[in-house]
Amino acid sequence: MEIIDTHTHIGQFGQWNCSCETLMTCMRKFGVSQGIVSTISGNEYDYELNLVNSDKGQIRINHDMLQEIKKYKGRLKALFWIRPHSEVADRQLENYLEVNREWFVGLKVHPRCSNLKFSLENYHTYLELCKKLALPFCIHTQNDGFSNIEYVYNVAKQYSDINFIAIHMEMGTNHQCAMQYIKECSNLYGDTTMVKIDDVIKAIRCCGSKKILFGSDAVVFGEDSYRRYDDFEEKLINTFSGTEIEDLFYNNAKRFFKYIGGSYE
Ligand SMILES: [Zn+2]
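Bear in mind the structure is a predicted one, so any value in this text is a computation, not a measurement.

Caption draft 1: The UniProt feature "domain: Amidohydrolase-related" (unreviewed entry) in the protein chain, seen in detail. Per the UniProt record, "domain: Amidohydrolase-related" (unreviewed entry) is found at residues 50-258. Secondary structure across residues 50-258 comprises 39% helix and 15% strand; the distance between its end C-alpha atoms is 35 Å.

What follows is the structure, encoded as structure tokens:
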């Protein structure tokens with residue numbers, strides 16, 4: 001089975017140090033043919049809300065990651081990790097993303113680690129840029145007062161021509177609320193990152209197989225990052241049709257992100 005992992009990381013943040021080599025080793029071991037990666041070095045604040053990585057701008061941080069992933073001949077594509085607390089989406093960012101269109105397939109934000117609620121106006125320039133360049137927006141969701149699913153839902157309703165992924169389908173909850181929003185809102189999608197298999201099954205049943213994408217957070221948990229997904233395929237095969245499983249593991253990713261899928265070595 002072809003697998004595209006739509007949510008992986010490299011970079012350095014706090015206790016986490018994720019190398020591109022380890023990510024590629026894990027992907028190979030688990031049979032992931034292509035990954036969409038973002039750099040955790042893009043976080044603006046640590047969990048205690050102290051400013052971090054303030055010496056580099058968002059383009060520089062993402063460009064450093066790009067140099068790493070280019071070595072792997074298209075097996076990795078990227079999300080541009082934005083820093084909306086200290087920066088905006090300006091002309092320079094627009095040009096940068098246009099020039100590197102082949103690599104950056106969307107934007108990514110962790111609202112808590114930007115110390116900025118997703119409901120705030122500061123995201124406006126980034127949302128306008130997504131609209132202009134037809135890029136999807138991937139948001140870490142969690143009921144933490146920064147990344148709540150209702151903030152993402154409200155923005156998705158307001159920007160109906162941008163596609164959004166609620167990463168984790170609101171971590172720290174039973175995902176019921178996220179599932180209802182994803183079901184109701186045609187441009188809001190969910191992913192499986194850190195979501196238990198029983199809840200993934202519920203999400204596919206509730207929202208339909210076209211709305212949920214496979215993501216893992218590899219290699220935040222090191223060499224064993226994919227171990228928690230070992231029984232995923234087997235349990236899904238017992239529950240859903242071949243087409244529905246293909247949607248989850250790769251067809252949705254191909255539909256959702258441009259410049260992904262196809263042939264690579
Ligand atoms: Zn993540």
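On we go.
Caption draft 2: Broad picture of the coordination of the zinc ion. Here the zinc ion is held by the protein donor atoms His7 (NE2), His9 (NE2) and Asp217 (OD), which lie 2.1 to 2.2 Å from it. When the donors of the zinc ion are listed by position in the chain, the intervening gaps give H-x1-H-x207-D. Here His9, found in strand 1 (residues 4-13), pairs with Asp217, found in the loop between strand 9 (212-213) and helix 8 (232-237); they are 208 residues apart in sequence, far enough to count as distant. Asp217 shares its class with His9; the two are buried.

Caption draft 3: Summary view of the sheet that holds strand 5 (residues 104-109). The strand order across the open sheet formed by nine strands is 2-1-3-4-5-6-7-8-9, and the pairing between neighbours is mixed. Lying at the two open borders of the sheet, with one neighbouring strand each, are strand 2 (16-18) and strand 9. Taken together, the five bridges between strand 6 (residues 137-142) and strand 7 (residues 164-171) define a ladder with parallel strand orientation. Opposite Ile139, over in strand 7, you have Ala166 as the bridge partner. Sitting on the sheet, helix 5 (residues 149-158) touches strand 6, strand 7 and strand 8 (188-191), and the angle it makes with strand 7 is about 165°.

Caption draft 4: Main features of helix 4 (residues 124-133). Turning to helix 4, its buried residues number three or more, namely Tyr126, Leu127, Leu129, Cys130 and Leu133. Viewed along the axis of helix 4, the buried residues span an arc of 160°, placing them on a single side of the element. At its buried positions, helix 4 is contacted by helix 2 (58-69), helix 3 (91-99), strand 5, strand 6, helix 5 and strand 7.

Caption draft 5: Seen up close, helix 7 (residues 197-207). Buried within helix 7 we find Ile197, Asp199, Val200, Ile201, Ala203, Ile204 and Cys207. Buried-residue contacts for helix 7 involve strand 7, helix 6 (176-184), strand 9, helix 8 and helix 9 (242-256).

Caption draft 6: Just unusual backbone geometry, in detail. Val219 follows Ala218 through a cis peptide bond whose omega is 5°. Relative to the assigned elements, Val219 resides in the loop between strand 9 and helix 8. Despite not being glycine, Lys73 shows a phi value in the positive range, around 45°. Structurally, Lys73 can be placed in the loop between helix 2 and strand 4 (76-81). Residue classification places Lys73 among the exposed residues on the basis of a relative accessible area of 54%. Of note, Glu170 is a non-glycine position whose phi angle comes to about 65°, a positive value. Tracing the sequence through the fold places Glu170 in strand 7. On the basis of relative accessible area, Glu170 is assigned to the buried category, the value being 5%.

Caption draft 7: A look at the nonpolar core. Formed by 92 residues in total, the largest nonpolar core has its most connected members in Ile69, Leu97, Phe137, Phe164, Leu236 and Phe257. Those residues in contact with Phe164, other than ones at most four positions away along the chain, are Leu127, Phe137, Ile139, Val155, Ala156, Tyr159, Asn187, Leu188, Tyr189 and Phe256.

Caption draft 8: Seen up close, the packing of helix 3 against helix 4. One can describe the packing of helix 3 onto helix 4 by two numbers: an axis separation of 11 Å at closest approach and a directional angle of 35°. Between helix 3 and helix 4 the crossing geometry is right-handed. Residues Leu93, Glu94, Leu97 and Glu98 of helix 3 touch helix 4, and the partners they reach there are Tyr126, Leu129, Lys132 and Leu133. Among the residues forming the contact of helix 3 with helix 4, the class breakdown is five nonpolar, no polar and three charged.

So, how was this worked out
Residues numbered from 1 in each chain as written. Predicted model: local features only at pLDDT ≥ 70, side-chain atom pairs only at ≥ 80, totals over all residues. Heavy atoms only, no water. UniProt positions renumbered as here; feature names shortened; annotations may be inferred. Helix = DSSP H or I, 4+ residues; strand = E, 2+ residues; numbered from the N terminus. Donors = N, O, S within 2.8 Å, 3.2 Å for Na, K, Ca; no water. Buried < 20%, exposed > 50% of the residue type's maximum accessible area, 1.4 Å probe, protein only. Pairing = 2+ DSSP bridges. Contact = heavy atoms within 4.5 Å. Axes fitted to C-alpha atoms, helices over the stretch in contact; angles between N-to-C directions. Arc of directions from axis to C-beta. Core = buried A, V, L, I, M, F, W, Y, C linked by side-chain atoms within 4.5 Å. Left-handed = near helix turned anticlockwise from the far one by under 90°. Nonpolar A, V, L, I, M, F, W, Y, C, P; charged D, E, K, R; others polar.

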